[in-house]
Amino acid sequence: MAKKTLTTRVAVSEPKTLRIGLIGYGFMGRAHANAIHQAGHFFSLNRRPVLQAVCGRSEDQLRAFAESWQVAHTETDWRKLVAREDIDAVDICTPNDSHMEIALACIKHGKMIMCEKPLALDGKQGETMVKAVEKAKLPNLVMYNYRFLPAVTLAKNIVAAGELGKIFHYRANFLQDWTISKDLPQGGTGLWRLDAKVAGSGVTGDLLAHCIDTARWINGDIVSVSAMTETFIKERVHTATGKKQAVKIDDACAFLARFENGSLAVFESTRYARGHKALYTFEINGEHKSLAWDLHDLNRLSYFDHSVSSDRRGWSSIHATDGDHPYAGKWWVPGLCLGYEHSFVHALAEFVQSLANPTAPRNYPDFRHALGTQFVCDAVLEAARTQRWIKVKRS
Ligand SMILES: NC(=O)c1ccc[n+]([C@@H]2O[C@H](COP(=O)([O-])OP(=O)(O)OC[C@H]3O[C@@H](n4cnc5c(N)ncnc54)[C@H](O)[C@@H]3O)[C@@H](O)[C@H]2O)c1
């Protein structure tokens, strides 16, 4: 006899939506669109993020993006997007020189803000943004995404539990090699990072800002810095003028720092480390334990515990994919890896979760945290310029 089958209509309770307007459909536009699509499926959120509208300047590319990510509304002027009544939050994924202007317009229109890093071109702009967003009491997030990788959050939790004892050293690198050719122009789509007017700085604001954010989050405030920078290629053709112009960004930067907790740090970043595409690493050495992490093997945290008997003591490698590792339990079964893109999903989920309980401590970097990182970047550039130790301004 044929088995009886049943078709049931399931009553799906729809949480309230968080309607997001995304500005910029480039690298970060795609990373954020993916996070907006995924967050509500893997995290239990009281508001479901929805990509309501997207803004970009090229109509063709905008249409292709909107089709690919199923976005119902498009705008070619970001001013129109931030004014839309069907948007609750604006996601700023444009180059650094536009962050302040867009954020201030969002505040005027009462929108929550998710902003890419660095917060602004410099600390002065950042201060204006912090003042305005805090006065308006609007939720705000800055996408320092590396914090949200399970192995990095695990490092933070181990340090916060005091397991390392006194911390002596923090060292971090962010190495790339994509600007070595002298024929690479500066400015315009794709190469705005080489134009100081648009980027604010070179590797300091682009790459070291990530290292500084992670370091401050795990190891506390940085109080003073001494630095050197270099611009290896002094002139490049500007895409806007077709003429050779001075390159004003730092191609490489190395700096020493003192943390408030007494530990010492060495940071290095360059786009001239042949063979390295995006090698972000950090290591922390404490009295009892050391920790190390490497973006190329991002699910692992290297761990050294001096309390183990000397004949068994050595570096071990924690594969942070178990259900009790940060965020990992929200995804697959133990042992299966997460990737770069998940860090954005986790950041967004933390932000949305916090909306339900605005007075609880925030588990994500906001404008004020990002201003602290901006002040460190400013101090690093000033130290390199003046060849002096510089005290870092407090955010
Ligand atoms: N969190 C991270 O790991 C990470 C990684 C890369 C970039 N970023 C940051 O994200 C931001 C964007 O970088 P990206 O790599 O996505 O750059 P990108 O060049 O790939 O994309 C920038 C986008 O902004 C658009 N845009 C520029 N001006 C605009 C305007 N006036 N109106 C509307 N759209 C405009 C461009 O058309 C493009 O779509 C930067 O602030 C960068 O520092 C962060």
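All values derive from a computational prediction rather than experimental measurement. (Residues numbered from 1 in each chain as written. Predicted model: local features only at pLDDT ≥ 70, side-chain atom pairs only at ≥ 80, totals over all residues.)

**Concerning the overall build of the protein chain**
Quick reminder of the rule: Note on conventions: DSSP H or I runs of at least 4 residues are helices, E runs of at least 2 residues are strands, and numbering of each starts at the N terminus. The burial label depends on the number of other C-beta atoms within 10 Å of a residue's C-beta. Counts of 20 or more mean buried, 12 or fewer mean exposed, and intermediate counts mean partly exposed, with C-beta atoms placed from the backbone. The contact rule is simple: place each C-beta atom from the backbone, and if two of them lie within 7 Å, those residues are in contact.
For the protein chain, the count of helices and strands is ten helices and 17 strands. The C-alpha extent of the protein chain, read off along each of the three principal axes, is 80 × 65 × 45 Å. Out of the 395 residues belonging to the protein chain, those deemed buried represent 46%. Contacts in the protein chain between residues at least 24 apart in sequence constitute 69% of all its contacts with a sequence separation of at least 6.

**Points about the pairing of strand E12 (residues 264–270)**
To be explicit about the condition: Two strands are counted as paired when DSSP detects at least two bridges linking them.
As paired elements, strand E7 (residues 167–175) and E12 share seven bridges and run parallel to each other. Bridging from a neighbouring strand, Phe-174 pairs with Ser-269 of E12. Summarising the sheet, strand E11 (residues 252–259) and E12 pair through seven bridges and their orientation is antiparallel. When the sheet's bridge partners are listed, Ala-254 is paired in E12 with Glu-268. Hairpin remark: E11 followed by E12, antiparallel, with four residues in the connecting loop; positive phi at Gly-262, about 95°.

**Looking at the site of the ligand**
The line we're drawing: In this entry, near means the residue's backbone-placed C-beta atom lies within 6 Å of the molecule or strand. The nonpolar class holds Ala, Val, Leu, Ile, Met, Phe, Trp, Tyr, Cys and Pro. Asp, Glu, Lys and Arg form the charged class, and all remaining residues, Gly among them, are polar. Where each domain begins and ends follows an automated or database-derived domain assignment.
What surrounds the ligand is a group of 23 residues, the closest being Gly-24, Gly-26, Phe-27, Met-28 and Glu-116. Considering every element that reaches the shell around the ligand, the biggest residue donor is helix H1 (residues 27–42), with three residues. Residues belonging to the shell around the ligand are distributed by class as follows: nine nonpolar, ten polar and four charged. Residue assignment places the shell around the ligand across two domains, with domain 1 (16–145) and domain 2 (148–391) each supplying three or more.

**Description of the packing of helix H4 (residues 99–108) against helix H5 (residues 123–136)**
The relative placement of two packed helices is expressed as an angle between their axes plus a distance between the axes. How we decide: Angles here are taken between N-to-C directions and fall from 0 to 180 degrees, while the axes themselves are lines fitted to C-alpha atoms, restricted in helices to the stretch in contact. Orientation is classified from the angle alone, with under 35 degrees giving roughly parallel, over 145 giving roughly antiparallel, 65 to 115 giving roughly perpendicular, and any other angle giving oblique. Left-handed describes a crossing whose near helix is turned anticlockwise from the far helix by less than a right angle; the clockwise case is right-handed.
At a closest axis distance of 10 Å, the pairing of H4 and H5 adopts a crossing angle of 15°. One element, H4, and the other, H5, form an angle in the roughly parallel class. In this structure, H4 crosses over H5, and the sense of that crossing is left-handed. Here Met-100, Ala-103, Leu-104 and Ile-107 of H4 come into contact with H5, specifically with Gln-125, Thr-128, Met-129, Ala-132, Val-133 and Ala-136. For the contact of H4 with H5, a count of residues per class yields eight nonpolar, two polar and no charged.

**Concerning unusual backbone geometry**
Of the consecutive residues Lys-117 and Pro-118, the connecting peptide bond is found in the cis state with omega at -10°. With respect to the helices, strands and loops of the structure, Pro-118 is situated in the loop between strand E5 (112–115) and H5. Despite not being glycine, Gln-70 shows a phi value in the positive range, around 50°. Tracing the backbone shows Gln-70 in the loop between helix H2 (59–68) and strand E3 (73–75). Assessed through the 9 C-beta atoms surrounding it within 10 Å, Gln-70 is described here as exposed. A positive phi angle, near 55°, is found at Lys-137, a position not held by glycine.

**Structural notes on the nonpolar core**
For clarity, the threshold we go by: One nonpolar core equals one set of buried Ala, Val, Leu, Ile, Met, Phe, Trp, Tyr and Cys residues connected by C-beta atoms within 7 Å.
By size, the foremost hydrophobic cluster in this structure holds 107 residues, and its most contacted members are Ile-113, Leu-208, Val-225, Leu-348 and Val-380. When residues of this core are assigned to their parent elements, the largest contribution, eleven residues, is made by helix H10 (residues 367–386). Three or more residues apiece are contributed to this core by two domains, here domain 1 (16–145) and domain 2 (148–391). Counting residues in hydrophobic clusters, the runner-up holds five residues, among them Ala-196, Ala-199, Val-247 and Ile-249.

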